[in-house]
Amino acid sequence: MAVKPLIAGNWKMNGGGGAGIALARAIAERAPEVAGRCDLLVCPPAVALAAVAETLAGSAVAVGGQDCHGQSSGAHTGDISAPMLAEAGASFVITGHSERRGDHFEGNALVRDKSAAAHDAGLIAVICIGETAAQRDGGQVFAVLSEQIAGSLPQGTTAANTVVAYEPVWAIGTGRTPTAAEIAEAHAHIRAEIARIAAGAADLRLLYGGSVNPENAAELLSVDNVNGALIGGASLDAGSFLAIALAAS
Ligand code: PEP
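Calculation criteria
- Residues numbered from 1 in each chain as written.
- Predicted model: local features only at pLDDT ≥ 70, side-chain atom pairs only at ≥ 80, totals over all residues.
- Heavy atoms only, no water.
- Buried < 20%, exposed > 50% of the residue type's maximum accessible area, 1.4 Å probe, protein only.
- Helix = DSSP H or I, 4+ residues; strand = E, 2+ residues; numbered from the N terminus.
- Pairing = 2+ DSSP bridges.
- Right-handed = clockwise from strand over helix to strand, strands pointing away.
- Near = heavy atom within 4 Å.
- Polar contact = N/O pair within 3.5 Å; in protein donor to acceptor, adjacent residues only side chain to side chain.
- Nonpolar A, V, L, I, M, F, W, Y, C, P; charged D, E, K, R; others polar.
- Core = buried A, V, L, I, M, F, W, Y, C linked by side-chain atoms within 4.5 Å.
- Contact = heavy atoms within 4.5 Å.
- Axes fitted to C-alpha atoms, helices over the stretch in contact; angles between N-to-C directions.
- Parallel < 35°, antiparallel > 145°, perpendicular 65-115°, else oblique.
- Left-handed = near helix turned anticlockwise from the far one by under 90°.
- Salt bridge = Lys/Arg side-chain N within 4 Å of Asp/Glu carboxyl O.

Chemist: How would you sum up the pairing of strand S6 (residues 162-166)? Please name residues and give values.
Modeler: Burial within S6 is extensive, with five of its five residues counted as buried. Every second residue of S6 is oriented toward a common face, with Thr162, Val164 and Tyr166 on one face and Val163 and Ala165 on the other, all of them buried. Note: strand S5 (residues 124-129) against S6, five bridges, orientation parallel. Within S6, the position partnered with Ala125 by the bridge is Thr162. In the sheet, S6 pairs with strand S7 (residues 205-209) via four bridges, with the strands oriented parallel. Directly across from Ala165, in S7, lies its bridge partner Leu207. In this region the chain leaves S6, passes through helix H8 (residues 180-197) and returns to the parallel neighbour S7; the handedness of that crossover is right-handed.

Next comes the structure, spelled out in structure tokens:
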């Protein structure tokens, strides 16, 4: 069975309030152009999520959170739970993004708990993994990916409740990307590792993320075992985001 690509935009700390609504509206207007080709997802900041979800209601564009807590409620000042995201209109949530792993010292066990919480709330977890430049230079890519997969994917992971995004940390926001061959070997390794612990690994969507743009999208999206993209900077412009989606098939 062919896996339908997912083109996901991570707006990070951009697109709150009116700017997020305007961006969502612009994407929704053009979403029919990619119908049948790929699924679309946008992940706005938490404060804009409900408004963006309302703007996108009835469109083919899904909404996701950028992070969630590992518990469903409690005394956790400033945090947001997976059920809260679901109630606000999300059907996905990103977990383990390298900016969370780096800025907030999130390790694999915490990412696993957050992803399990996402599953419990009925959300699809977009679990991010990827090596640093030092790890790549040290020849540790496969070992790092294996450790992140074993540590971050919760029990009960399936192709229906999980997407895994391979995002080399050194490629995020830098304009640098791995070669197609490097992505192919990383994704083949990731799929094989997931198959050791999860059912239906062949159908689980593996996204590539890191400096995807309209110019390189066709090449990156055609690599074996790449089932879509997680996009940061280029997802903040509706034209660029849709151009990337049009390169998926
Ligand atoms: C990201 O942060 O998930 C990402 C892929 O960012 P960019 O596309 O800007 O490299």
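That was the structure; now back to the text.
Chemist: Kindly report on the site of the ligand, identifying the contributing residues and their values.
Modeler: Taken together, the neighbourhood of the ligand is formed by 14 residues, with Lys12, His97, Glu167, Gly173 and Ser211 sitting nearest. The contact in question runs from an oxygen atom of the ligand to an N or O atom on the side chain of His97, over 2.8 Å. In the model, an oxygen atom of the ligand is placed 2.8 Å from a nitrogen or oxygen of the Glu167 side chain. Considering only residue class, the shell around the ligand consists of four nonpolar, eight polar and two charged.

Chemist: Any details on unusual backbone geometry? Residues and values, ideally.
Modeler: Here Lys12, not a glycine, exhibits a phi torsion of approximately 55°, which is positive. Mapping Lys12 onto the fold places it in the loop between strand S1 (6-10) and helix H1 (17-30). Positive phi outside glycine occurs at Ser211, with the angle close to 60°. Position of Ser211 relative to the elements: it lies in the loop between S7 and helix H9 (217-221). With relative accessibility at 17%, the residue Ser211 sits in the buried group.

Chemist: So what about the nonpolar core? Which residues, and what values?
Modeler: With 61 residues, the main nonpolar core has Ile7, Ile27, Leu40, Ile190 and Ile194 as its most contacted residues. Those residues in contact with Ile27 that sit more than four places away from it in its chain are Trp11, Val42, Val61, Ala238, Phe241 and Leu242. Core analysis: the second largest hydrophobic core is formed by 14 residues, Leu6, Ala8, Val126 and Leu230 among them.

Chemist: Tell me about the sheet that holds S1, and name the residues and values.
Modeler: The eight strands lie next to each other as S1-S2-S3-S4-S5-S6-S7-S8, forming a closed barrel whose pairing is parallel. Between one strand and the next, the sheet's axes are offset by a mean angle of 25°, whatever the strand orientation. Its contacts with the sheet place helix H5 (residues 108-120) against strand S4 (92-95), S5 and S6, and it is angled at close to 160° to S5.

Chemist: Could you give me a rundown of the packing of H1 against helix H2 (residues 46-56), with the residues and numbers involved?
Modeler: Following both chains from N to C, one finds H1 and H2 inclined at 30°, their axes separated by 9 Å at the closest point. When the interaxial angle is binned, H1 and H2 end up roughly parallel. Crossing handedness for the pair H1 and H2: right-handed. Contacts between H1 and H2 involve Gly17, Gly20, Ile21, Ala24, Arg25 and Ala28 on the former and, on the latter, Ala48, Ala51, Val52, Thr55 and Leu56. In terms of residue class, the contact of H1 with H2 is made up of seven nonpolar, three polar and one charged.

Chemist: Pulling in residues and values, what's your account of the pattern of salt bridges?
Modeler: Following the criterion strictly, the structure yields 12 salt bridges and no others. Between Arg100 and Asp67 there is a salt bridge, with the nearest N and O atoms lying 3.3 Å from each other. On the criterion of sequence distance, the pair formed by Arg100 in helix H4 (residues 98-103) and Asp67 in the loop between strand S3 (61-65) and helix H3 (82-88) is long-range, its members being 33 residues apart. Between Arg136 and Glu182 there is a salt bridge, with the nearest N and O atoms lying 3.7 Å from each other. Highlighted residues: Arg136 in helix H6 (residues 133-137) and Glu182 in helix H8, separated in sequence by 46 residues. Of the residues examined, Glu182 reaches a relative accessible area of 25% and is grouped as partly exposed. Within the structure, one salt-bridge network assembled from shared partners comprises Asp67, Arg100, Glu106 and Lys114.

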